[in-house]
2 protein chains.
Amino acid sequence: MKSTIYNCNVIEFPKIHNRAGNITPLNGLTDIPFEIKRVYYLYDVPGGETRGGHAHHNLYQLIIAVSGSFDVVLDDGKNKKTITLNRPNYGLYIIPGIWRDLVNFSSGSVLLVLASEKYDEKDYIRDYPQFLHLKND
Amino acid sequence: MKSTIYNCNVIEFPKIHNRAGNITPLNGLTDIPFEIKRVYYLYDVPGGETRGGHAHHNLYQLIIAVSGSFDVVLDDGKNKKTITLNRPNYGLYIIPGIWRDLVNFSSGSVLLVLASEKYDEKDYIRDYPQFLHLKND
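All figures in this text were calculated on a predicted structure; none of them were measured in a lab.

So, the overall build of chain A
Part 1 of the argument: In terms of regular secondary structure, chain A is built from 1 helix and 11 strands.
Part 2 of the argument: For chain A, the α and β elements follow one another from N to C terminus as β-β-β-β-β-β-β-β-β-β-β-α.
Part 3 of the argument: A globule of 137 residues ought to have a C-alpha radius of gyration of about 14 Å, and chain A, at 15 Å, matches this closely.
Part 4 of the argument: If one aligns the C-alpha atoms of chain A with their principal axes, the spans along those axes are about 55 × 35 × 25 Å.
Part 5 of the argument: Counting only residues that meet the buried cut, chain A has 53% of its 137 residues in that class.
Part 6 of the argument: Considering only residue pairs separated by 6 or more positions, chain A has 79% of its internal contacts joining residues 24 or more positions apart.
Part 7 of the argument: Counting only carbon and sulfur atoms, one obtains 49% of the accessible surface of chain A, whose full area is about 6100 Å².
Part 8 of the argument: With 15 positive and 15 negative side-chain charges, chain A shows a separation of 3 Å between the mean positions of the two kinds.

Right under this line is the structure:
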């Protein structure tokens, strides 16, 4: 698992502006680098909360703050970087083999994830020592 | 276009509860009746705002209030009904041939749409008299 945090980027998406609100459209494979097999969203997060980390063997994800803000701490076993998401038309693209922690949620924030695969528990790496072992193999 | 508003339903989705927030996962074809080809979301809508209506020839959609609330007015050319969306784990499934208006947005609301097709302007019906003509053919 040779992926690094430097292969994870923030992508700016279009914002279609209108008196009655803004729209950001994301077509699978066109606007983002994968087909959208699954969507999930996280809400009712208490302000200041932290969500425990994990990594994936094969999953590609795009993480978006559609409301409020939070920080994503990316970790490839050697280096870490923290990315603040707080605009609905920016998305963080995360490739397989990257540990991520979600921290510093604002009250009322909503985290939207577009994922390249359906849910598969076997794809999750939830143990940090095991993650480091896989990265250093 | 014989579809009616009675074929459009509110679907309750799972809510995975946790001290640090709730997650609702939507796997294409498993949790919802179509593959997710496109995702878009509407934000920065001024409170009380209304968004002009349209219908689709072929598109299936799921509309979710991931933050705040709004009302969706469905119209099949003969009957209308108004559905209030205000919980992130409920989605309104809209089939082709239904005119919809979006009204009564709360401040800070975010409307998330999962769509069965990529964007195609030819699939939109934006003229209400034309819509009525198609429905009565």
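Comments concerning the UniProt feature "domain: Sugar 3,4-ketoisomerase QdtA cupin" (unreviewed entry) in chain A
Part 1 of the argument: UniProt marks residues 7-135 of chain A with the feature "domain: Sugar 3,4-ketoisomerase QdtA cupin" (unreviewed entry), using the numbering shown here.
Part 2 of the argument: The distance separating the terminal C-alpha atoms of residues 7-135 of chain A is 15 Å; by composition the span is 6% helix and 46% strand.

With respect to the pairing of strand S10 (residues 110-115) of chain B
Residues and elements named next belong to chain B.
Part 1 of the argument: Within S10, 6 of the 6 residues are buried, which leaves the element mostly enclosed by the surrounding structure.
Part 2 of the argument: Because side chains alternate across S10, one face comprises the buried residues Val110, Leu112 and Leu114, and the other comprises Leu111, Val113 and Ala115, equally buried.
Part 3 of the argument: Sheet topology note: the strand S3 (residues 38-43)/S10 ladder contains 5 bridges and is antiparallel. Within S10, the position partnered with Tyr40 by the bridge is Val113.
Part 4 of the argument: Two elements, strand S5 (residues 61-67) and S10, share 6 bridges in a ladder whose sense is antiparallel. Looking across to S10, one finds that Ile64 is bridged to Leu112.

So, the interface of chain A and chain B
Part 1 of the argument: Each partner contributes to the interface: chain A provides 38 residues, whereas chain B provides 38 residues.
Part 2 of the argument: Of the roughly 3200 Å² buried at the junction of chain A and chain B (both faces included), carbon and sulfur atoms supply 50%.
Part 3 of the argument: Linking Arg19 of chain A and Glu49 of chain B is a salt bridge whose minimum nitrogen-to-oxygen distance equals 2.7 Å.
Part 4 of the argument: In this assembly, chain A and chain B are joined by 26 residue pairs in polar contact (both at pLDDT 80 or more).
Part 5 of the argument: Only strand S2 (22-27), strand S3 (38-43), strand S5 (61-67) and strand S10 (110-115) of chain A provide two or more residues apiece to the side of chain A that touches chain B.

Digging into the packing of aromatic side chains
Part 1 of the argument: This model, assessed by the stated rule, comprises 16 aromatic pairs over all chains.
Part 2 of the argument: For the ring pair Phe70 of chain A and Phe105 of chain A, a centre distance of 5.2 Å and an interplane angle of 35° mean the geometry is tilted. In this pair, Phe70 of chain A is assigned in strand S6 (residues 70-75) and Phe105 of chain A in the loop between strand S9 (99-103) and S10, connecting sequence segments 35 residues apart. Residue Phe70 of chain A shares its accessibility class with Phe105 of chain A, and that shared class is buried.
Part 3 of the argument: Between Trp99 of chain B and Phe131 of chain B the ring centres are 5.4 Å apart and the planes differ by 50°, which places this aromatic pair in the tilted class. Of this pair, Trp99 of chain B sits in strand S9 (residues 99-103) while Phe131 of chain B sits in helix H1 (residues 128-135), placing them 32 residues apart in sequence. An identical accessibility class is assigned to Trp99 of chain B and Phe131 of chain B; each is buried.
Part 4 of the argument: Following the ring pairs from residue to residue traces out a cluster consisting of Phe34, Tyr60 and Tyr93 of chain A.

As for the nonpolar core
Part 1 of the argument: Of all hydrophobic cores here, the largest spans 72 residues; its most connected members are Tyr41 and Leu114 of chain A together with Tyr41 and Leu114 of chain B.
Part 2 of the argument: When neighbours within four sequence positions are excluded, Tyr41 of chain A is seen to be in contact with Val110, Leu111 and Leu112 of chain A together with Asn22, Ile23, Thr24, Leu26, Ile64, Val66, Pro88 and Leu112 of chain B.

Focus on the sheet that holds strand S8 (residues 90-94) of chain B
Part 1 of the argument: The strand order across the open sheet formed by 6 strands is S2(A)-S3(B)-S10(B)-S5(B)-S8(B)-S1(B), and the pairing between neighbours is antiparallel. The outermost strands of the open sheet, each flanked by one partner alone, are S2 of chain A together with strand S1 (9-12) of chain B. Geometrically, the sheet is characterised by an average inter-axis angle of 25° between neighbouring strands, direction not taken into account.
Part 2 of the argument: Summarising the sheet, S1 of chain B and S8 of chain B pair through 4 bridges and their orientation is antiparallel. If you follow Ile11 of chain B over to S8 of chain B, its bridge partner there is Gly91 of chain B.

Definitions and cut-offs
- Residues numbered from 1 in each chain as written.
- Chains lettered and ligands numbered in written order.
- Predicted model: local features only at pLDDT ≥ 70, side-chain atom pairs only at ≥ 80, totals over all residues.
- Heavy atoms only, no water.
- Helix = DSSP H or I, 4+ residues; strand = E, 2+ residues; numbered from the N terminus.
- Rg over C-alpha atoms; globule rule 2.2 N^0.38 Å.
- Buried < 20%, exposed > 50% of the residue type's maximum accessible area, 1.4 Å probe, protein only.
- Contact = heavy atoms within 4.5 Å.
- Areas by Shrake-Rupley, 256 points an atom, 1.4 Å probe, with all protein chains shown as cover.
- Lys, Arg positive; Asp, Glu negative; His and termini not counted.
- Charge placed at Lys NZ, Arg CZ, Asp CG, Glu CD.
- UniProt positions renumbered as here; feature names shortened; annotations may be inferred.
- Pairing = 2+ DSSP bridges.
- Buried area = accessible area lost by both parts, 1.4 Å probe.
- Salt bridge = Lys/Arg side-chain N within 4 Å of Asp/Glu carboxyl O.
- Polar contact = N/O pair within 3.5 Å; in protein donor to acceptor, adjacent residues only side chain to side chain.
- Phe/Tyr/Trp six-rings, centres within 6.5 Å; stacked < 30°, edge-to-face > 60°.
- Core = buried A, V, L, I, M, F, W, Y, C linked by side-chain atoms within 4.5 Å.
- Axes fitted to C-alpha atoms, helices over the stretch in contact; angles between N-to-C directions.

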